[in-house]
Amino acid sequence: MPISAITLGLVFFVVYSSLTRQEISEWVEILLAHSKETATMLGLLGSVYALTSSFKVDGISPEEIRQRMFSIMSTGFWSTIAGVLVSLQASIGLLIMKRT
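Residue indices follow the written sequence of each chain, beginning from 1 at its first position. Note on the predicted model: pLDDT of at least 70 is required for a residue's local features to be given, and 80 or more for side-chain atom pairs to be given and counted; whole-chain, interface and lining totals, by contrast, use all residues. Just so you know, side-chain values use all the structure's heavy atoms and leave hydrogens and water out.

**Student:** I'd like a rundown of the packing of helix 2 (residues 26-54) against helix 3 (residues 62-99), residues and numbers included.
**Tutor:** Taken N-terminus to C-terminus, the directions of helix 2 and helix 3 make an angle of 170 degrees; their axes are 8 Å apart at the nearest point. In terms of orientation, helix 2 and helix 3 fall into the roughly antiparallel class. Considering only residue class, the contact of helix 2 with helix 3 consists of 14 nonpolar, 14 polar and three charged. Here an axis means a line fitted to C-alpha atoms, over the contact stretch when the element is a helix, while the angle between two N-to-C directions is reported on a 0 to 180 degree scale. Numbering of helices and strands starts at the N terminus; helices are DSSP runs of H or I of at least 4 residues and strands are runs of E of at least 2. Just so you know how the angles are binned, under 35 degrees is roughly parallel, over 145 roughly antiparallel, 65 to 115 roughly perpendicular, and the rest oblique. Side-chain classes are defined by residue name, with Ala, Val, Leu, Ile, Met, Phe, Trp, Tyr, Cys and Pro counting as nonpolar, Asp, Glu, Lys and Arg as charged, and the others, Gly among them, as polar.

**Student:** Now, about a nonpolar patch on the surface: what can you tell me, with residues and values included?
**Tutor:** A cluster of nonpolar side chains, contributed by Trp78, Ile81, Val84, Leu85 and Leu88, occupies part of the molecular surface with about 510 Å² of accessible area. Tracing the chain through its elements places Leu85 in helix 3. The patches described consist of residues with a relative accessible area above 30% and no salt bridge, like charges being joined within 9 Å and nonpolar side chains (Val, Leu, Ile, Met, Phe, Trp, Tyr) within 5 Å. Surface accessibility in these figures is a Shrake-Rupley result with a 1.4 Å probe; residues are shielded only by whichever protein chains are displayed. For this document, the term salt bridge refers to a Lys or Arg side-chain nitrogen within 4 Å of an Asp or Glu carboxyl oxygen.

**Student:** Any chance you could break down the environment of Val86 for me, citing the residues and the numbers?
**Tutor:** Here Val86 is to be found in helix 3. The class of Val86 is buried, set by a relative accessible area of 7%. Put simply, Val86 and Ala39 are 47 residues apart on the chain and 6.0 Å apart in space, counted from C-alpha to C-alpha. Buried residues are those whose accessible area, probed at 1.4 Å on protein chains only, stays under 20% of the maximum for their type, while exposed residues exceed 50% and partly exposed ones sit between those limits.

**Student:** Could you give an account of the nonpolar core, with specific residues and numbers?
**Tutor:** Definition of nonpolar core: a set of buried residues of the types Ala, Val, Leu, Ile, Met, Phe, Trp, Tyr and Cys, connected through side-chain atoms within 4.5 Å. Among the nonpolar cores identified, the biggest contains nine residues, and these are Leu10, Val11, Val14, Ile24, Val28, Leu32, Ala90, Leu94 and Met97. Residue assignment for this core shows that the elements contributing at least two residues are helix 1 (2-19), helix 2 and helix 3. Here, two residues are considered to be in contact whenever any of their heavy atoms come within 4.5 Å of each other. Dropping the residues within four chain positions of it, Val14 is found in contact with Ile24, Val28, Leu32, Gly93, Ile96 and Met97.

**Student:** Break down the side chain of Ser47 for me, citing the residues and quoting the values.
**Tutor:** Mapped onto the secondary structure, Ser47 falls in helix 2. Not counting the four nearest positions on each side in its chain, Ser47 is found in contact with Gly76, Phe77, Ser79 and Thr80.

Structure below.
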């Protein structure tokens, strides 16, 4: 969540700076590039964690396993989607920076 807020703030800063024709620091580009890569990896990490935790079932009924698997897998997929969305925000910010 913090990386999403930081990335969104940077993208808004880039849009504002490009509209007002202000010069953008190279640190903004570096932070956007790193958040683009980091968000994707954190989303993947969430999916891998969800997959590995789905195999930790000891002595419970098949119905409980099914319920747990669904909630764990959906958590993993949502973390991947969130990571991709943050990465897309950073990509858009970088694209705007390159255009100005």
